[in-house]
Amino acid sequence: MKKLITIVLFILIPALKPSLFAETPPAIITLNSLNCEVKSNHECIYQIEREVLVNNKKGQEYSIHPIYFANRNELRKISITLYDKNKQLIRKIDPDAMLRHSVFSYSLFEDNSVAEINVGNDTYPYYLSIKYEIKLKEYLTFPEWEPQPFEKIATIYSAYTLTLPADFHFNYRFYNCQPKEEIIPLKDKIVYKWVLGEIMPINLEDCARPFKIKIPYGLFIPQTFMYADKDGISDSWGLFGKWVSDIEDGLDLLPDEEINKIRDLTKEKKTEVEKISVLYKYMQRNIRYVSVQIGSGGYKTYSAAYVCKNKYGDCKAMSNYMHAMLRVAGIPSSLVLVRAGENEPEIDTSFVYPGDFNHCILCIPLKNDTVWLECTSSNNPPNYLGTFTAGKQVLIINGNKSTLKSTPKYGKDRNFIHVKSEVEIKKDQTWSITVSKQYNGYETDEIRNRVRTLPDEKLKKWFINSQPYQEIALKSIQYTCNDSFPLVTGNISFTCRRKAGPTPVHATMTKLSDYCPISKQNRTEDIFIPNSYEYTDTTIFTFPLEYKLLALPSSREISARFGSYSKKVIQEKNSVMIVRTLSKNSGTYSKEHIPEFNEFSTGINKLENEEVVYSANE
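Residues numbered from 1 in each chain as written. Predicted model: local features only at pLDDT ≥ 70, side-chain atom pairs only at ≥ 80, totals over all residues. Heavy atoms only, no water.

Let us now look at the packing of helix α2 (residues 256-266) against helix α3 (residues 272-286). It is at 9 Å that the axes of α2 and α3 come closest, and there the two elements cross at 130°. Here α3 runs oblique to α2, going by the angle between their axes. Here the hand of the crossing between α2 and α3 comes out right-handed. In this structure, α2 contributes E258, K261, I262, L265 and T266 to the contact, and α3 contributes K275, V278, L279 and Y282. (Axes fitted to C-alpha atoms, helices over the stretch in contact; angles between N-to-C directions. Helix = DSSP H or I, 4+ residues; strand = E, 2+ residues; numbered from the N terminus. Parallel < 35°, antiparallel > 145°, perpendicular 65-115°, else oblique. Left-handed = near helix turned anticlockwise from the far one by under 90°. Contact = heavy atoms within 4.5 Å.)

Here it is, written out as structure tokens:
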């Protein structure tokens, strides 16, 4: 599912304060206005009026403006105008010149569209003014208020106006802002207006929570609505879940031929877990994921029979199809709505807002466990959610008993990479290397996708490019994905050549650390580490007996609240074994701990830069 209307556009100007900016910014949003008028429970109209001042060539990117809309709604009254720095007319743009296309080019069918045009000007500065109107023929929420569409440029003035019938009830909430509010009662209407003044650019800080939790925005939702031909109430998550259940009712029926197939697949399986596994793998092999963004705002799914016949579906359709198969097998399950994405902020559980969700998965409550299925994945093992949906507050759909719950999140005991490398250094400076790897948990997300989707030659090229060695010649490479739990193993053998001669040779190892010191200057955010993990690397170097070791890494341990690092170095006659372990602890840490974090990071990086140095002279 996708949010249907996200606007990024602009228009006319309050006076600017030069003191706001130390230097001329590339662009400034001078006016950002949204006016929404509610006609009834299933119709509202809103107008966008925005203006941007483009000061120089660097600001030209802000003259490309998309208008997002759903095809079942009506986009109209588009006006695009350019003014010079003195607000004198340069030209008007014909709205018919706007290019209209599907939002998601990979989608098989698409109900979400975008109209856009590059209306840049060669002379700076200039003003770009855009106005348009969208008529919503049905709605669950009112348009969101986005006072600052871009984090990198300032907004001088932003306003949101909501005009309602006098007896119309709604809920709303603001985040990261406290706008000035004005309520104007009319004869049979009430007008609400909220205004924000200067909003300066938001700095993106290293090791901080996602940008989306910093921006100011407002959410608005009617208490009662008519959508997809069903009445709904938004006063509680349970009531909203009941509406979702109502519009999905009867869509989990399968044709007899498919029912017989399901029974045949599960007849020899003794446990519910075995039945879930065989049906999940059957779906992964036979149903293709596509973004089918049509229907009632992305909430009402295609039927299970449709997916069965056509062999494709989006997240809702595939989850509903899996739900239907499990029902045939006698296993109850529930659709689950989630705001997916590793950098997406958590939903506000105290405020019911349907627009919070952009994805659908499946939940299977067993007697002693809960099984979660990511039905759009052709690679995931059953009961594994990667970083896209793990550790999220979700809405489990179960009629008026729909409830919020958290999806599981892996700790570092299940998120790890273990690597063992044996490096034999020969007299002719040929290195013979064998590597064995184990990836588990979230660390499998990327590698599993590579292994399952890349042709052999591209997989080999990726491995070679990821190594610190040169002149690599692969002997063998094999990766294996476990189908029952999130584990990927790799076994690789290759040779490489290093320069011989009197110059000492540095035996480089792959670095474990991705830490880097962060600046405390003007810091506003706490330190955020999203996931815990552990990396271990064991490297054994074997040399000819006559070679001389000139330098060895030191054995050390570093520990802090953020994690720990250790290095053990063991030397024997003609070999050196180096064992390194990096452990990271997820969490949010006060910005007051930045000096400690930097000391921790710097210490790790210093140890990681140490190398084995030897001379090949006899």
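Where charged atoms from two side chains of opposite charge approach closely, those side chains can pair. The tally for this structure, following the rule as stated, stands at 22 salt bridges. For R523, the salt bridge goes to E205, with nearest N and O atoms at 3.6 Å. Separated by 318 residues along the polypeptide, R523 in the loop between β27 (505-507) and β28 (527-529) and E205 in the loop between β12 (189-196) and β13 (217-222) bring together distant segments of the chain. Each of the two residues, R523 as well as E205, counts as buried. Several salt bridges share partner residues, and in doing so they unite E37, K39 and K189 into one network. (Salt bridge = Lys/Arg side-chain N within 4 Å of Asp/Glu carboxyl O. Buried < 20%, exposed > 50% of the residue type's maximum accessible area, 1.4 Å probe, protein only.)

Following Y124, the chain continues into P125 via a peptide bond in cis, with omega recorded as -10°. Locating P125 in the fold gives a position in the loop between β7 (112-118) and β8 (126-136). At N176, a residue that is not glycine, the phi angle is positive and equals roughly 60°. When you line up the elements, N176 lands in the loop between β10 (170-175) and β11 (180-185). Given a relative accessible area of 46%, N176 falls into the partly exposed group. Positioned with a positive phi, C207 is a non-glycine residue whose angle comes to about 50°. As for its position among the elements, C207 is in the loop between β12 and β13.

Turning to helix α1 (residues 237-248), a few remarks are in order. Here α1 spans 16 Å end to end across 12 residues, near enough to the 16 Å set by a 1.5 Å rise per residue. When we look at burial in α1, the residues that qualify are W237, G238, F240, G241, W243, V244, I247 and E248. A positive backbone phi angle near 85° is found at G250, which sits one or two residues after α1. (Expected span 1.5 Å × (residues − 1).)

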